[in-house]
Amino acid sequence: MIRDRAWHHETPALQRSVWGIPTDRALGLGFACAVAAAGPVLVLVDGINPLLRVVLGLLLVALAPGYTVMLAACPGPAIAGTERLVLSVGVSMTLSVLGGLFLNWTPWGLQPESWVVLLSGVTLVAAAVALARQRGLPTTAQVGVRPRPARGGLGLGSVCLLTLAVTIISATILLARISAATPIEAGFSDLWMLPTDGAATPGVRLGVRSQEEASTSYLLRLDVDGAPVTAWHVTELAPGETWEATVGLPPGIGRSAVVEARLYRAEALATDAETVREAEIPYRRVVLRR
Amino acid sequence: MSHAFRAFPGNRRGAADALSLPDDFGLGQPPSDRPTHVAAPTPVVRAFPHADGWGLLPAFTVLATVGSLLVTVGYHGGRIEAPWADLAFWSGVLVMFLPIAWRLALARTPRRERIGLVCVVGLGLYLNKVLHSPLAFTFHDEFAHWRTTNDILRTDHLFSPNPIIAVSALYPSLHLITGALADLSGSTIFLAGVLILAAARLMLVLALFLFFDLAARSPRVAGLATLLYMTNPNFAYFDAQYAYESIALPFAVFAMFAVVRQQTLKDGRLGVTMAVLLAVMAVVPSHHLTTYALVGFLVLWMVVALFLRIAPARWTGIAPDPSEQSGAVADRRDPGGVVLLALVTGLAWLIYIAGLTVGYLTPVVWSGLSELFRLIAGEVIARELFRDYSGQLAPIWERAAGFSSVILILLALPFGLLRVWQRYRTDSLALALAVGALAYPASLGLRLTHFGAEASNRTSEFLFVPIAFTLAVAAVELWLKRPDNWVRISLFVVWATLIFTGGIIVGVPRWGRMPGPYLVSADTRSIEPKGMTAAEWMRTFIGSGSTIATDRINGLLMGSYGGQMTVRYSHDGTGMAWAFFTPTLGPTEIELLRSGQVRYVVVDRRLGTRLPIVGVYFEMGEPDTYSRTVPMDPAALAKFDDVDGVQRLYDNGDIVIYDIGALTVDP
């Protein structure tokens, strides 16, 4: 097994510096601190763009703490490039897990504020340590590592291709969402009935919700012990719309009374509520036995 | 002179070994049939600056996105039951995988491009799963983990009881991270979960590449091994769902990478050692099986390292004294301290927090093993592969691809094992990976059983780490040794593509990977508006936390979006399902429901129309589990109507909710 990095390819390019810190790391530290500083804003300020909130939140949970912690603990050039990225993401997420376990045992628990204190706090403290340790590092020339030639940036063709990829992905996600939101089963309606237990007089709460493909009219009939009590014409209920009513039951009904509500689709009926034959199969049916 | 300084004249190469070819750009470990001691650390001279280039990555990224678009068109075709749906789906999958497999097989592909390419495939396959259900979670386990996350957000604390998968709440890593993001960003659990798992998938793929790179010392092997890992049956869907294993696996691979990397570092060990500790401690509260798999592999590695220390030199070619230049030097490191840490934290978590895990896992493993023994004894017949429990048989080409994937792995594995022994026999890590790959054939037997099939399937995401490494070594060092031989590369790509497509077919049956109309007891295909509406109605009008008895699918919906406590078994272990199968609601059924203090019963009339695709309507242990030949009796489902004391509260045509509290709940 190898004991050095001779075969490896990610020799860091530490050439320019800001205040004695390699430029890329100075930028990284500054960015991580900015994300950490944005943490309290996310929690305390309303009206922030939702997309920005998600992006900042993700960076605070899955990148910034690990980046600064790894930079504080591994300030040298041995860890760079992909390895630093993996270690940053991995340490961030593991810190979130272990920090979350810790927060669970505190009186504050897992609230947004406690998450901000934990994640922003770790990021900023580690950034301070990293800053101190980075400034004390010898330059690449001093450690005898030949700096890597600057990596070529993406050419115009590559940028165009990546833009095309982003466009295709955006279109794909949009298509998938539209496709998934399109109903593939027939529409339906809900009917419910609940006793109004807390009320002074006995009664029931009735509700109809339409999830049909188009506006629908219904006929709803309420019977007690088989005798009609009342009926409603629920007209033109639009898809997603709900109709509700609370009905008092006739005084003096027995303890074993059967309260039954039947819902009919108006278009399927040839008669009015009062003349709906018992043999007519209701569209929906709910029953309370007192 | 170290090979690290060797420069190649462009991309042309001579008879040198594949490992030292431009794939490594002159920076590779000196290849040799006889392992040698590695030279002291030396500064790197970069003979090939273009090795850092992105190469054709942007073009292959565009191809992969076209693949995702085709897959999405296939999903839409599935929803409208179009005959071209499968063609579009598989075209998309192949457009995503095949060109990148070809590019990774080439010797001249730069390392940086290889890293980019494996990320594109890994994230592309993850995106394919997200595009399957882009509005909400619809896979079976996702509802359980949604519930755990929701409980954390609701209570600000961990370990609320989870009625869907009880142990879900006891392994809260995924839920903690998702909850943190949801708390900070104000996003839904769905969006937060999708983003966290995307970050985890990126970490998994990169850590896997770096781990293989460290183990094989070849970016070419690393790239192909990472690609081959993605052919495991669970990579495309199961390990992309919102479930605890989807975060545990990246943590475990990250831990393994950090352990190996920490051993190769001189400077900066403190940071990577800390990463090792954090990773191992994060795996333990993430997922039970992943913890045991990680501990198992670390123990295996330790045993192999011990073997290398005590084995006679003539077996391994290792010189007894490292200073002796005539022989190779054993890799004397092992992950001893990490094993101890993983064991102690794993046991402590099991004992003090997650004691339920034993009762959760034992029946699954025991049922599978006992069925396997009975199968060997000829007492039972084997499960028919590629046929679901409603009787539908997969198309012949899917069956052929599924069998081919297993056979092709089994055929190539011996060559990989031989090559690992020849090349890496002084390296305890590489040898441990090869030994781990031997478990694959043994795991296949359980696939023939009804109860053990899932357990067997669930081993693949762990076993494919060593399998992928071993196969990649075989591919690079034997089959693709002659650089850029088009015929050989093409055959390799076909071989890898067959394993990949077979893996998807074995991992998820067609009804599971393609969206479409409602099917009875078919997990993701049974999630539709009626069930979701009923669950939301329950939460809105009845409130959360009521005890309910219902079938498998409505149990998921009621336990998650409904916020209810689904009761599945009585105190003596009898399944509530038995109360649903009898034609009448008699004293026995009432007593069973009463023993579970069930207040509400949710009945889905559609259960009486078709056989259950997954083999059960409710739970394992219900009447005719995995052996049903006729659908449930509709009269049995209608028996709660017109019973004194039973209130029929809600009706949406297929789903009816009854209040049976007067019969079952003590006043």
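Residues numbered from 1 in each chain as written. Chains lettered and ligands numbered in written order. Predicted model: local features only at pLDDT ≥ 70, side-chain atom pairs only at ≥ 80, totals over all residues. Heavy atoms only, no water.

Points about the overall build of chain A
We apply this condition: Comment: elements are numbered from the N terminus, with helices defined as DSSP H or I runs of at least four residues and strands as E runs of at least two. Any residue under 20% of the maximum accessible area for its type is buried, any over 50% is exposed, and the rest in between are partly exposed; the area is computed with a 1.4 Å probe on protein chains only. Residues count as neighbours in contact if any of their non-hydrogen atoms are within 4.5 Å of one another. Using a 1.4 Å probe, the Shrake-Rupley method yields the accessible areas, and only the shown protein chains count as cover for residues.
Across its full length, chain A holds seven helices and nine strands. Counting every position in chain A, which comprises 290 residues, the buried fraction comes to 48%. In chain A, the share of contacts with a sequence separation of at least 24, taken over all contacts with a separation of at least 6, comes to 65%. For chain A, the exposed surface amounts to about 13,700 Å²; the carbon and sulfur share of it is 63%.

Some thoughts on the overall build of chain B
The number of helices and strands found in chain B is 25 helices and five strands. A buried classification covers 64% of the 667 residues belonging to chain B. Only carbon and sulfur atoms are counted for the fraction: they give 66% of the accessible area of chain B, which is about 22,800 Å².

Examining the pattern of salt bridges
Going by this rule: By salt bridge we mean one thing: a side-chain nitrogen of Lys or Arg within 4 Å of a carboxyl oxygen of Asp or Glu.
One pass over the full model with this rule turns up 32 salt bridges over all chains. Of the charged contacts, one joins Arg221 of chain A and Asp223 of chain A as a salt bridge, the two residues approaching to 2.8 Å between their closest N and O atoms. There is no split in this pair, since Arg221 of chain A and Asp223 of chain A are both buried. Between Asp659 of chain B and Arg599 of chain B there is a salt bridge, and its shortest N-O distance comes to 2.8 Å. Here Arg599 of chain B lies in the loop between α23 (587–595) and β3 (600–604) and Asp659 of chain B lies in strand β5 (residues 655–659), a separation of 60 residues in the sequence. Note on Arg599 of chain B: relative accessible area 34%, which makes it partly exposed. Among the ionic contacts, a cluster of salt bridges with common partners joins Glu260, Arg262, Arg285 and Arg289 of chain A together with Asp642 of chain B.

Section: helix α20 (residues 529–542) of chain B
All names here are of chain B. How we decide: Helix span, expected: 1.5 Å multiplied by one less than the number of residues in the helix. Under the rule applied, a polar contact is a pair of N or O atoms within 3.5 Å (in protein, one hydrogen donor and one hydrogen acceptor; residues adjacent in sequence only if both atoms are side-chain atoms).
Along its 14 residues, α20 runs 19 Å from first to last C-alpha, staying within 8% of the 20 Å computed at 1.5 Å per residue. Along α20, the residues that are buried comprise Lys530, Gly531, Thr533, Ala534, Ala535, Trp537, Met538 and Phe541. Backbone nitrogen of Lys530 and a side-chain oxygen of the N-cap are separated by 2.9 Å at the start of α20; the cap is Glu528. One or two positions beyond α20, positive phi appears at Gly543, with a value near 100°.

Here we look at the interface of chain B and chain A
The condition is simple: Two parts placed together each lose some accessible area under a 1.4 Å probe, and adding up what both lose gives the buried area.
Listed per partner, the contact involves 115 residues of chain B and 95 residues of chain A. Looking at the side of chain B facing chain A, the largest losses of area belong to Leu184, Phe541 and Arg648 of chain B, adding up to 8% of the total buried there. Summed over the shared surface of chain B and chain A, the result is three salt bridges. For the salt bridge of Arg261 of chain B with Glu83 of chain A, the shortest nitrogen-to-oxygen distance reads 2.7 Å.

A word on the environment of Gly124 of chain B
All names here are of chain B. Along the chain, Gly124 falls in helix α3 (residues 111–132). When its relative accessible area of 9% is taken as the criterion, Gly124 is described as buried. Considered as a pair, Gly124 and Met302 are 178 residues apart in the sequence and their alpha carbons are 36 Å apart. Dropping the residues within four chain positions of it, Gly124 is found in contact with Ser68, Met96 and Cys119.

Some details on the packing of aromatic side chains
Rules: Put simply, two rings from Phe, Tyr or Trp (the six-membered ring, in Trp's case) pair if the centres are within 6.5 Å, and we call them stacked under 30 degrees between planes, edge-to-face over 60, tilted for the rest. Whether a charge sits over a ring comes down to the Lys NZ or Arg CZ being within 6 Å of the ring centre and within 35 degrees of the ring normal.
By the definition in use, this model includes 33 aromatic pairs over all chains. For the ring pair Phe97 of chain B and Phe500 of chain B, a centre distance of 4.0 Å and an interplane angle of 5° mean the geometry is stacked. Placement of Phe97 of chain B in helix α2 (residues 85–105) and of Phe500 of chain B in helix α18 (residues 486–507) is noted, with a sequence separation of 403 residues between them. An identical accessibility class is assigned to Phe97 of chain B and Phe500 of chain B; each is buried. Between Trp146 of chain B and Tyr561 of chain B, the aromatic rings sit 5.0 Å apart at their centres with planes inclined by 85°, giving edge-to-face as the arrangement. Taken as a pair, Trp146 of chain B in helix α4 (residues 140–155) and Tyr561 of chain B in the loop between α21 (552–559) and β2 (565–566) lie far apart in primary sequence, 415 residues in all. For Tyr561 of chain B, a relative accessible area of 10% corresponds to the buried category. Connected via pairs of aromatic rings, a cluster forms that spans Phe580, Phe581, Tyr617, Phe618, Phe640 and Tyr658 of chain B. Over the ring of Tyr283 of chain A we find Arg284 of chain A, and its NZ or CZ is 3.9 Å from the ring centre. The cationic tip of Arg606 of chain B hangs over the ring face of Tyr518 of chain B; the distance from NZ or CZ to the ring centre is 4.0 Å.

Side note on a nonpolar patch on the surface
Selection rule: Each patch is assembled from residues with relative accessible area greater than 30% and no salt bridge, linking like charges that lie within 9 Å and nonpolar side chains (Val, Leu, Ile, Met, Phe, Trp, Tyr) that lie within 5 Å.
A contiguous nonpolar surface patch, about 670 Å² in accessible area, is contributed by Leu340, Leu343, Val344, Leu347, Ile351 and Tyr352 of chain B. Topologically, Ile351 of chain B is positioned in helix α12 (residues 336–352).

Considerations on α12 of chain B
Counted only if it meets this: Directions pointing from the helix axis toward each C-beta atom define the arc.
Given a rise of 1.5 Å per residue, 17 residues ought to cover 24 Å, and the 24 Å separating the end C-alpha atoms of α12 of chain B matches this to within 8%. Residues Val338, Val339, Ala342, Thr345, Gly346, Trp349 and Leu350 of chain B constitute the buried set of α12 of chain B. Buried residues in α12 of chain B, looked at end-on, bunch into an arc of 145°, giving them a common side. Of the residues in α12 of chain B, the exposed ones pointing more than 90 degrees away from the buried face are Gly337, Leu340, Ile351 and Tyr352 of chain B. Of the surrounding secondary structure, the elements contacted by the buried residues of α12 of chain B are α4 (81–104) of chain A together with α8 (244–264), α9 (269–283), α10 (288–310) and α13 (356–376) of chain B.

Observations regarding the confidence of the model for chain A
Residue and element names in this part refer to chain A. Formally: Here pLDDT means the predictor's own confidence in every residue, given as a number from 0 to 100.
Here chain A averages 85 in pLDDT, while 82% of its residues score no lower than 70. Considering each helix and strand of chain A separately, the mean pLDDT is smallest for helix α6 (residues 140–143), with a value of 54, and largest for α4, with 96. Here residues 1–11 scores under 50 on pLDDT; set against residues more than four positions off or in separate chains, the count is 65 contacts.

Description of the nonpolar core
Worth spelling out the cut-off: The criterion is simple. A nonpolar core is a set of buried Ala, Val, Leu, Ile, Met, Phe, Trp, Tyr and Cys residues joined through side-chain atoms within 4.5 Å.
Counting 239 residues, the largest nonpolar core has Met93, Leu206 and Leu222 of chain A as the members making the most contacts within it. Of all the elements, helix α6 (residues 189–216) of chain B adds the most residues to this core, at 21 residues. Apart from residues lying up to four places away in sequence, Met93 of chain A is in contact with Val61 and Ala62 of chain A together with Ile177, Ile196, Ala199, Ala200, Ile247 and Phe251 of chain B. Ranked by size, the runner-up nonpolar core spans 27 residues in total, among them Tyr518, Val567, Val601 and Val646 of chain B.

Considerations on the pairing of strand β8 (residues 258–265) of chain A
Residue and element names in this part refer to chain A. Basically, it comes down to this: If DSSP finds at least two bridges between two strands, the strands pair.
Across the eight residues of β8, six count as buried, placing the element largely inside the fold. Note: strand β5 (residues 216–224) against β8, seven bridges, orientation antiparallel. Among the inter-strand pairings, Leu222 is bridged to a residue of β8, identified as Ala261. Taken together, the six bridges between β8 and strand β9 (residues 284–289) define a ladder with antiparallel strand orientation. Looking at β9, one finds that Val258 is bridged to Arg289.

A few points about the packing of helix α7 (residues 219–229) of chain B against helix α17 (residues 453–479) of chain B
Residues and elements named next belong to chain B. As a reminder, the rule being used: Here an axis means a line fitted to C-alpha atoms, over the contact stretch when the element is a helix, while the angle between two N-to-C directions is reported on a 0 to 180 degree scale. Just so you know how the angles are binned, under 35 degrees is roughly parallel, over 145 roughly antiparallel, 65 to 115 roughly perpendicular, and the rest oblique. The sense of a crossing depends on the near helix, which, turned anticlockwise from the far helix by less than a right angle, makes the crossing left-handed and, turned clockwise, makes it right-handed.
Direction vectors running N to C along α7 and α17 enclose 135°, while the axes themselves pass 8 Å from each other. By the angle between their directions, the pair α7 and α17 is classed as oblique. You can see that α7 and α17 cross each other, and the crossing is right-handed. Touching Arg220, Val221, Leu224, Ala225, Leu228 and Tyr229 of α7 are Glu461, Phe464, Val465, Ala468, Phe469, Leu471, Ala472, Val473 and Val476, all from α17.

Observations regarding the packing of helix α1 (residues 57–79) of chain B against α3 of chain B
All names here are of chain B. For clarity, the cut-off: Nonpolar residues are Ala, Val, Leu, Ile, Met, Phe, Trp, Tyr, Cys and Pro. Charged residues are Asp, Glu, Lys and Arg, and all others, Gly as well, are polar.
Viewed as axis vectors pointing N to C, α1 and α3 meet at an angle of 15°, and their least axial separation amounts to 10 Å. Between α1 and α3, the angle falls in the class roughly parallel. Seen along the crossing, α1 lies across α3 with a hand that is right-handed. Across the interface between the two elements, Leu57, Phe60, Thr61, Ala64, Ser68, Val71, Thr72, Tyr75 and Arg79 of α1 pack against Glu113, Gly116, Leu117, Val120, Gly124, Leu127, Asn128, Lys129, Leu131 and His132 of α3. Taken together, the residues that form the contact of α1 with α3 break down as nine nonpolar, seven polar and three charged.

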